[in-house]
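The chain contents come next:
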Amino acid sequence: MTWSARELARRRAALVARCSQLRSEVAAAAVPLQARLAPADRVVTAVRAHPLLATLAGGAAVLLAGRFFPSLSRVVRVALFLTRL
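Calculation criteria
Residues numbered from 1 in each chain as written. Predicted model: local features only at pLDDT ≥ 70, side-chain atom pairs only at ≥ 80, totals over all residues. Heavy atoms only, no water. Helix = DSSP H or I, 4+ residues; strand = E, 2+ residues; numbered from the N terminus. Buried < 20%, exposed > 50% of the residue type's maximum accessible area, 1.4 Å probe, protein only. Areas by Shrake-Rupley, 256 points an atom, 1.4 Å probe, with all protein chains shown as cover. Salt bridge = Lys/Arg side-chain N within 4 Å of Asp/Glu carboxyl O. Patch = residues over 30% accessible without salt bridge, like charges linked within 9 Å, V, L, I, M, F, W, Y side chains within 5 Å. pLDDT = per-residue confidence, 0-100. Axes fitted to C-alpha atoms, helices over the stretch in contact; angles between N-to-C directions. Parallel < 35°, antiparallel > 145°, perpendicular 65-115°, else oblique. Contact = heavy atoms within 4.5 Å.

1. Some points on the overall build of the protein chain
Piece 1. Regarding its fold elements, the protein chain presents 3 helices and 0 strands.
Piece 2. Reading the protein chain from its N end, one meets helices and strands in the order α-α-α.
Piece 3. If you line up the protein chain on its principal axes, its C-alpha atoms span 75 × 40 × 25 Å.
Piece 4. Of all 85 residues assigned to the protein chain, the portion counted as buried reaches 0%.
Piece 5. Of the accessible surface of the protein chain, which amounts to about 7,900 Å², a share of 69% is contributed by carbon and sulfur atoms.

See below:
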C-alpha cells in the first residue's frame, strides 16, 4: 500500500467513526420525541395503509367544514382565486 492509500484508509476510518458517533447522538436526542410523535405516526401509518378511505375522509371533512363554517369556505375560495392571479 502506498502512503496516499494508507492516508485515505485512515481518513475513511476516522469519518466512519465520526458518523457512527453522530448517529448515536441523534438517536439519543430523538428518544424523548418518539413518545410524543407516536400518535401522529399511527395516523400516518393508517393513511398509507388505506389511501382511498383517507381521501374519502378528507373530502368529507372539507364538505363539513364548508357547511358548518361558511366564512371559512369563502376565505378558501378567495385565497384560491388570488393564487391564480
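2. Digging into the pattern of salt bridges
Piece 1. Under the defined criterion, the tally for this structure stands at 2 salt bridges.
Piece 2. What emerges from the salt-bridge pattern is a single network uniting Glu7, Arg10 and Arg11.

3. Some points on a nonpolar patch on the surface
Piece 1. A cluster of nonpolar residues, Leu64, Phe68, Phe69, Leu72, Val76 and Leu80, forms a patch on the protein surface that exposes about 610 Å² of accessible area.
Piece 2. At 3 residues, the largest contribution of residues to the nonpolar patch is made by helix H3 (residues 70–84).
Piece 3. As for its placement among the helices and strands, Phe69 is situated in the loop between helix H2 (51–68) and H3.
Piece 4. Taking the relative accessible area as the measure of exposure, Phe69 reaches 51% and is therefore exposed.

4. With respect to the confidence of the model for the protein chain
Piece 1. Per-chain confidence: the protein chain averages 89 in pLDDT, with 99% of residues scoring 70 or above.
Piece 2. Looking over the protein chain, one finds the lowest element-wise mean pLDDT in H3, namely 84, and the highest in helix H1 (residues 3–49), namely 92.

5. Regarding the packing of H2 against H3
Piece 1. At their nearest, the axes of H2 and H3 sit 5 Å apart, and the two run at 115° to each other. Of the possible angle classes, the one that applies to H2 and H3 is roughly perpendicular. Packed against H2, whose contacting residues are Ala65, Gly66, Arg67 and Phe68, the element H3 presents Pro70, Leu72 and Ser73 at the interface.

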